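# Architecture at a glance
Chain by chain, the residues:
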Amino acid sequence: MGLLWIVVGLFLYYCIWLLLPIFDLDQQFALFPLPSKYAVSIPIVLLLIATSIVGTSLAIVMWNAPEEKTE
């Protein structure tokens, strides 16, 4: 149950960080040290890195898999 509260807290923090420029509150809170443009660019970069790691891992596994002989 504690992990759920951590995830909900992180989600709310991210949503507030993302919505700060809409209400002209960007750079007014010390709780959010980075500009809100990073709230969009950081997840995109992480998604690209994760996708490339998964794709590379799959390619290595498929490359090293033994070939099946068909009759």
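Sequence positions are assigned chain by chain, starting from 1 and proceeding in written order. Totals for whole chains, interfaces and linings use every residue, but because this is a predicted model, local features are given only for residues with pLDDT of at least 70 and side-chain atom pairs only at 80 or more, for both listing and counting. To obtain the side-chain values, all non-hydrogen atoms of the structure were included, while hydrogens and water were left out.

### Structural notes on the overall build of the protein chain
Quick reminder of the rule: Helix numbers and strand numbers start at the N terminus; a helix is a DSSP run of H or I with at least 4 residues, a strand a run of E with at least 2. Between the two quantities, the radius of gyration covers C-alpha atoms and the globule rule is 2.2 Å times the number of residues to the power 0.38. Note on exposure labels: buried denotes an accessible area under 20% of the residue type's maximum, exposed denotes more than 50%, and partly exposed covers the range between, all computed with a 1.4 Å probe on protein chains only. For the area figures, the Shrake-Rupley method with a 1.4 Å probe applies, and any residue is considered shielded solely by the protein chains shown.
Regarding its fold elements, the protein chain presents two helices and zero strands. Taking 2.2 N^0.38 as the reference for a compact globule, 71 residues should give roughly 11 Å; the C-alpha atoms of the protein chain span a radius of gyration of 21 Å, well beyond that estimate. C-alpha extents for the protein chain along the principal axes are approximately 70 × 30 × 15 Å. Going through the 71 residues of the protein chain one by one, you find that 7% of them count as buried. Counting only carbon and sulfur atoms, one obtains 75% of the accessible surface of the protein chain, whose full area is about 6,500 Å².

### Focus: the UniProt feature "transmembrane region" (unreviewed entry) in the protein chain
Quick reminder of the rule: UniProt positions are given in the numbering used here, feature names are shortened, and annotations may be inferred rather than shown by experiment.
Mapped onto this numbering, the UniProt entry gives "transmembrane region" (unreviewed entry) at residues 6-26 and 38-63. Secondary structure content for residues 38-63 is 100% helix and 0% strand, while the C-alpha to C-alpha distance between its ends is 37 Å.

### Regarding the packing of aromatic side chains
Our working rule: What counts as a ring pair is set by centres within 6.5 Å for rings of Phe, Tyr and Trp (its six-membered ring), and what kind of pair is set by the plane angle: stacked under 30 degrees, edge-to-face over 60, tilted for all other angles.
Summed over all chains, the structure comprises one aromatic pair. Measuring from ring centre to ring centre gives 6.4 Å for Tyr-14 and Trp-17, while their planes differ by 80°; the resulting arrangement is edge-to-face. Of this pair, Tyr-14 and Trp-17 both sit in helix H1 (residues 2-19), three residues apart, which is roughly one turn of the helix. For Tyr-14, a relative accessible area of 29% gives the class partly exposed.

### Looking at a nonpolar patch on the surface
This is how it is decided: Every patch collects residues that have over 30% relative accessible area and no salt bridge, joining them within 9 Å if they carry like charges and within 5 Å if they are nonpolar side chains (Val, Leu, Ile, Met, Phe, Trp, Tyr). One speaks of a salt bridge when a side-chain nitrogen belonging to Lys or Arg is within 4 Å of a carboxyl oxygen belonging to Asp or Glu.
Residues Met-1, Leu-4, Trp-5, Val-8, Phe-11, Leu-12 and Ile-16 make up a contiguous nonpolar surface patch of about 780 Å² in total accessible area. Relative to the elements of secondary structure, Met-1 occurs in the segment before H1.

### Here's the deal with the packing of H1 against helix H2 (residues 37-64)
Helices that pack against each other are described as a pair by the angle of their axes relative to one another and the distance between those axes. Rule in force here: The axes are straight lines fitted to the C-alpha atoms, using for helices just the contacting stretch, and the angles between their N-to-C directions are given from 0 to 180°. Comment on the angle field: the value is read as roughly parallel under 35 degrees, roughly antiparallel over 145, roughly perpendicular from 65 to 115, and oblique elsewhere. We call two residues in contact when some of their heavy atoms are within 4.5 Å.
Look at H1 against H2: their axes get within 7 Å of each other, and the N-to-C directions meet at 125°. By the angle between their directions, the pair H1 and H2 is classed as oblique. Within the contact between the two elements, H1 uses Tyr-14, Trp-17 and Leu-18 and H2 uses Tyr-38, Ala-39, Val-40, Ile-42 and Pro-43.

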